[in-house]
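Observations on the three-dimensional arrangement
Chain by chain, the residues run as shown.
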Amino acid sequence: MRRLMTIAIACMSVMLSHAQPEVHIARYYGDREAALTFTFDDGLEEHYSEVFPRLKRFGLKASFGIIGSKVGRDHKGIPCMTWEQLREMAADGQEITSHGFRHQSLEQLTGEAQRYEVQHNDTVIYNNVGVFPRTYFYPGNRKTSEAITFCSHNRVGTRLFQSSFGSKRDSLWMQRTLANTLKKGEWTVLMTHGISVGYDAFPNPQLLWNTLEQVAAMQDRLWVATLHDVLAYMTERDSLRLDVEQQNHMVTVTPRSSLDKALFFHPVTVVISGEAVEAKQGKRTLTLIKKGSNTLFDIDPNGDKIQIKMKQ
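First, a word on scope: everything that follows refers to the structure included in this document. Predicted model, so just to flag it, every value in this text is computed and none were measured.

1. Quick notes on helix α7 (residues 206–216)
- Those residues of α7 not exposed but buried are Leu207, Leu208, Trp209, Thr211, Leu212, Val215 and Ala216.
- Taken together, the buried residues of α7 touch β2 (34–41), α2 (45–58), α6 (171–184) and β9 (222–224).

2. With respect to the sheet that holds strand β1 (residues 23–25)
- Pairing within the open sheet is antiparallel, and its 4 strands lie in the order β1-β12-β16-β15. Edge positions in the sheet fall to β1 and β15 (289–291), since each has one partner strand and no second. Each adjacent strand pair in this sheet contributes to an overall mean axis angle of 30°, direction not counted.

3. A few points about the pairing of strand β8 (residues 187–192)
- Most of β8 sits inside the fold, with 6 of its 6 residues counted as buried.
- Residue alternation in β8 divides its side chains into two sets, Trp187, Val189 and Met191 and Thr188, Leu190 and Thr192, and both sets are buried.
- Two strands pair when backbone bridges link them, and β2 and β8 are joined in this way by 6 bridges, in the parallel orientation. Counterpart to Phe40 in the pairing with β8 is Thr192.
- By the bridge criterion, 2 bridges tie strand β7 (residues 163–164) to β8 in an arrangement that is parallel. Among the inter-strand pairings, Ser164 is bridged to a residue of β8, identified as Met191.
- Crossover β7 to β8 through α6 is right-handed.

4. Things to note about helix α4 (residues 111–129)
- Taking 1.5 Å of rise per residue, the 19 residues of α4 would be expected to cover 27 Å, and the 27 Å separating its terminal C-alpha atoms lies within 8% of that figure.
- Of all the bends in α4, the greatest, near 30°, is centred on Glu117.
- Looking at α4, one finds that the buried residues are Gln114, Glu117, Val118, Asn121, Asp122, Val124, Ile125 and Val129.
- Where α4 is buried, its residues contact β3 (63–66), α3 (83–91), β6 (95–98) and α5 (145–152).
- Two residues or fewer past α4, Gly130 is found with a positive phi of approximately 90°.

5. Concerning the packing of aromatic side chains
- Per the stated rule, a full pass over the model turns up 11 aromatic pairs.
- Between Tyr29 and Tyr233, the ring centres sit 6.1 Å apart and the planes meet at 70°, which makes this aromatic pair edge-to-face. In this pair, Tyr29 sits in the loop between β1 and β2 while Tyr233 sits in helix α8 (residues 227–239), placing the two residues 204 residues apart along the sequence.
- A relative accessible area of 21% means that Tyr29 is categorised as partly exposed.
- Residue classification places Tyr233 among the buried residues on the basis of a relative accessible area of 0%.
- Summarising the aromatic geometry, the rings of Phe40 and Phe64 are spaced 5.1 Å apart at their centres and angled 15° between planes, so their arrangement reads as stacked. Remark: Phe64 occurs in strand β3 and Phe40 occurs in strand β2; sequence separation between them is 24 residues. Each member of the pair, Phe40 as well as Phe64, is classed as buried.

6. Some details on the packing of α2 against α3
- Packing of α2 against α3 brings their axes to within 11 Å, and their N-to-C directions diverge by 20°. Regarding the angle of α2 to α3, the classification is roughly parallel. Both α2 and α3 take part in a crossing whose hand is left-handed. When α2 is examined against α3, the residues Glu45, His47, Tyr48, Phe52 and Lys56 are found in contact with a partner set consisting of Gln85, Glu88 and Met89.
- Tallied by class, the residues present in the contact of α2 with α3 amount to 3 nonpolar, 2 polar and 3 charged.

7. Notes on the pairing of strand β13 (residues 276–281)
- Summarising the sheet, β13 and strand β17 (residues 306–310) pair through 5 bridges and their orientation is antiparallel. Bridging from a neighbouring strand, Ala279 pairs with Ile308 of β17.
- For β13 and strand β14 (residues 284–285), the ladder comprises 2 bridges, and the chain directions are antiparallel. Bridge pairing links Lys280 to Thr285 in β14.

What counts and what doesn't
- Residues numbered from 1 in each chain as written.
- Predicted model: local features only at pLDDT ≥ 70, side-chain atom pairs only at ≥ 80, totals over all residues.
- Heavy atoms only, no water.
- Buried < 20%, exposed > 50% of the residue type's maximum accessible area, 1.4 Å probe, protein only.
- Helix = DSSP H or I, 4+ residues; strand = E, 2+ residues; numbered from the N terminus.
- Contact = heavy atoms within 4.5 Å.
- Pairing = 2+ DSSP bridges.
- Axes fitted to C-alpha atoms, helices over the stretch in contact; angles between N-to-C directions.
- Right-handed = clockwise from strand over helix to strand, strands pointing away.
- Expected span 1.5 Å × (residues − 1).
- Bend = angle between axes of the 7 residues up to and from the residue.
- Phe/Tyr/Trp six-rings, centres within 6.5 Å; stacked < 30°, edge-to-face > 60°.
- Parallel < 35°, antiparallel > 145°, perpendicular 65-115°, else oblique.
- Left-handed = near helix turned anticlockwise from the far one by under 90°.
- Nonpolar A, V, L, I, M, F, W, Y, C, P; charged D, E, K, R; others polar.

Written as structure tokens, this is what we have:
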């Protein structure tokens, strides 16, 4: 009887060792706890002279909403960036996107006037920067359901919510915002205009510089990314299907996406329970990251099957 029990236990152990691991897409890129996006409106010159150097210093990316008719001129008396400056920022990976050609409220525009405000600005930015805007900042945050539908066409999404963090805020508010973002596992979109001068400028810009430095040190937990990247990732995450098969210690994951590949191509973080020793998507070897009892790796959502070898 004891020998039979030993055999039964051994067989059960073999069955458990071949149990199919759990596979899912991380809520945020890199399996971070929450996400944060800095957005800067109006294309002001100090976004280039003051903000951009600090973003580079801290290794951060942000999104800048550009008013096409104001580039190289001024907006309400405040100097704006030039096309040359915008090209430099885009080359660094900063998002250069649309805030309307004349900064007109879309609540008041229809037909050709709406098309010109939105689509003409896209064309102007593309012709001068070389990057087509795939998001949109609504001037004055004013929008209608019809405007949202129109502006969402051929984009990964638009800025539908944000929290102003200029003159109205202090360091205590910022600390609470960051803490709540992590606690709730949310995506926070921060928005401002002027830095030292202009609309909603900071009484002391050091608040912004301190915040950038702080979030740069939190990137193991907090995904700091552009509006474009977070919108794209979240859409991919919610629409991508993973078909999982296992044979012995090899796991095959087939990604199936119905999204437009020309728009949605941000790498997606996959989490698999257990310890993987090798993963390949097609011929490309994927980088594995051990996190607790799980293994993480990034995949092309539109790519080939992923072959994963699990530790025996």
